[in-house]
Amino acid sequence: MHTSLVGKVALVAGATRGAGRGIAVQLGAAGATVYVTGRTSRSKRSEMNRPETIEETAALVNEAGGRGIAVQVDHLVPNEVRALVTRIKDEQGGLHVLVNDIWGATKMEWNKSAWESSLDYGLRTLRLAVDTHAITSHFAIPLLIKTPGGLVVEVTDGTDEYNATHYRVSFFYDLAKASVNRMAFALAHELRRYSATAVSVTPGWLRSEAMLEAYGVTEDNWRDATTRSPHFAISESPAFVGRAVTALAQDPNVSRWNGQSLSSGQLANIYGFT
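Let me sum up the structure you'll find in this document. Since the model is a prediction, treat every value here as computed from it, not as a measurement.

1. A word on the overall build of the chain
- Each helix and strand counted, the chain has nine helices and seven strands in total.
- In summary, the chain has a C-alpha radius of gyration of 18 Å against a globular reference of 19 Å for 274 residues, a match within 12%.
- Each principal axis of the C-alpha distribution contributes one length, and for the chain these read about 45 × 40 × 40 Å.
- Counting all 274 residues of the chain, 55% fall into the buried class.
- Counting only contacts in the chain whose residues sit at least 6 apart along the sequence, the fraction spanning at least 24 positions is 71%.
- Put simply, the chain shows about 12,600 Å² of open surface, and 52% of that area lies on carbon and sulfur atoms.
- Counting 27 positive and 27 negative side-chain charges, the chain places the centres of these two groups 4 Å from one another.

Here's what the structure looks like:
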């Protein structure tokens, strides 16, 4: 069964681009009111220095049939997150879906050990990937659990099963992505008594704006990139993981997934989206 999300309120933290934007738009397509947050707005760019903005994402949510509300937030700043949640409470009275998709790391060092890596870069990665999620959950979940049936989605890279046997390109990246999966596991235990659910979800090889740019293609002609990189054929659009999260949000029996680490492809096989 799939239920409409009309009347439901979602917060997609880190919705400026990539998976976060795809999730926000698909939640909107199901009828949800979606608060889209990030650091890059029309007036200011984040350290990633990319052109995508939260206002663009909100407009795409509106075009899809939902209601998009853009709020510029640095999720490393507790007071900004607290103010965001207070605004959602004042304007909507509740929160039904929380998606922690915050990332935004720009200076990554691949294939470097803990002692070879820049400590500044590594600790900044952990702050952006882990602290942001923890801060957002700290302030948002008390509002979410006021209504039974709430859903928290931690977006990461790699399922528990995959990450358990694969070294994820560097010490700090590996630690960041494994930590996000563990957050969902821990939250699941804490949310169960409130009839709420927490899961982690990973996309596959995501055709984000940055990835398309790196391969010199757009979403309309992305298959052209397979001529120089055949493996690009397995890539997926942000809409795909967006439909995965939306299917979970629409599932009246979503609690069956509580605490699990899931992938967009796995959920597509179960829920039937493409």
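2. Things to note about the nonpolar core
- If you look at the biggest cluster of nonpolar residues, it comprises 37 residues, and the most contacted ones within it are L27, V34, L248 and L267.
- The dominant element in this core, judged by the number of residues it contributes, is helix α8 (residues 238-250), at seven residues.
- Ignoring any residue separated from it by four or fewer positions in sequence, one finds L248 in contact with L151, V199, V201, V254, W257, L262, L267 and Y271.
- Formed by 24 residues, the second largest nonpolar core is a distinct cluster that contains L11, V73, L143 and L144.

3. Topic: the pattern of salt bridges
- Applying the stated rule across the entire model yields 13 salt bridges.
- Residues R39 and E47 are paired through a salt bridge, measuring 3.1 Å at the closest nitrogen-oxygen approach.
- What makes R39 buried here is its relative accessible area of 19%.
- The exposure class assigned to E47 is partly exposed, which follows from its relative accessible area of 36%.

4. Examining unusual backbone geometry
- Of note in this structure, N49 is not a glycine but carries a positive phi near 55°.
- You can see N49 is positioned in the loop between β2 (33-38) and α2 (54-64).
- With a relative accessible area of 52%, N49 lands in the exposed category.
- Phi is positive for S195, close to 55°, though the residue is something other than glycine.
- Within the secondary structure layout, S195 lies in the loop between α6 (171-191) and β6 (197-202).
- Classification of S195 by relative accessible area gives partly exposed; the value is 49%.

5. What about the packing of helix α1 (residues 18-29) against α2?
- Where α1 meets α2, the axes come as close as 7 Å, and the angle between the chain directions of the two elements is 30°. Accordingly, the angle class assigned to the pair α1 and α2 is roughly parallel. As α1 packs across α2, the resulting crossing turns out to be right-handed. Contact residues: α1 offers R21, A24, V25, G28 and A29, while α2 offers E56, T57, L60, V61 and A64.
- Residues belonging to the contact of α1 with α2 are distributed by class as follows: six nonpolar, two polar and two charged.

6. Structural notes on α1
- For α1, which comprises twelve residues, the first-to-last C-alpha distance of 17 Å matches the rise-based estimate of 16 Å (1.5 Å per residue) to within 8%.
- Here α1 lies mainly inside the structure; eleven of its twelve residues are buried.
- For α1, the full list of buried residues reads G18, A19, G20, R21, G22, I23, A24, V25, Q26, L27 and G28.
- Downstream of α1 by a residue or two, G31 has a phi angle that is positive, lying close to 105°.

7. Here's the deal with the pairing of β6
- In terms of burial, β6 is largely enclosed, as six of its six residues are buried.
- Burial along β6 is two-sided: the residues T197, V199 and V201 and A198, S200 and T202 are all buried.
- In terms of strand pairing, strand β5 (residues 151-155) meets β6 through five bridges, oriented parallel. Along β6, the bridge assignment pairs V152 with A198.
- Summarising the sheet, β6 and strand β7 (residues 261-263) pair through three bridges and their orientation is parallel. Bridge pairing in β7 links S200 to S261.

Rules used in this analysis
- Residues numbered from 1 in each chain as written.
- Predicted model: local features only at pLDDT ≥ 70, side-chain atom pairs only at ≥ 80, totals over all residues.
- Heavy atoms only, no water.
- Helix = DSSP H or I, 4+ residues; strand = E, 2+ residues; numbered from the N terminus.
- Rg over C-alpha atoms; globule rule 2.2 N^0.38 Å.
- Buried < 20%, exposed > 50% of the residue type's maximum accessible area, 1.4 Å probe, protein only.
- Contact = heavy atoms within 4.5 Å.
- Areas by Shrake-Rupley, 256 points an atom, 1.4 Å probe, with all protein chains shown as cover.
- Lys, Arg positive; Asp, Glu negative; His and termini not counted.
- Charge placed at Lys NZ, Arg CZ, Asp CG, Glu CD.
- Core = buried A, V, L, I, M, F, W, Y, C linked by side-chain atoms within 4.5 Å.
- Salt bridge = Lys/Arg side-chain N within 4 Å of Asp/Glu carboxyl O.
- Axes fitted to C-alpha atoms, helices over the stretch in contact; angles between N-to-C directions.
- Parallel < 35°, antiparallel > 145°, perpendicular 65-115°, else oblique.
- Left-handed = near helix turned anticlockwise from the far one by under 90°.
- Nonpolar A, V, L, I, M, F, W, Y, C, P; charged D, E, K, R; others polar.
- Expected span 1.5 Å × (residues − 1).
- Pairing = 2+ DSSP bridges.

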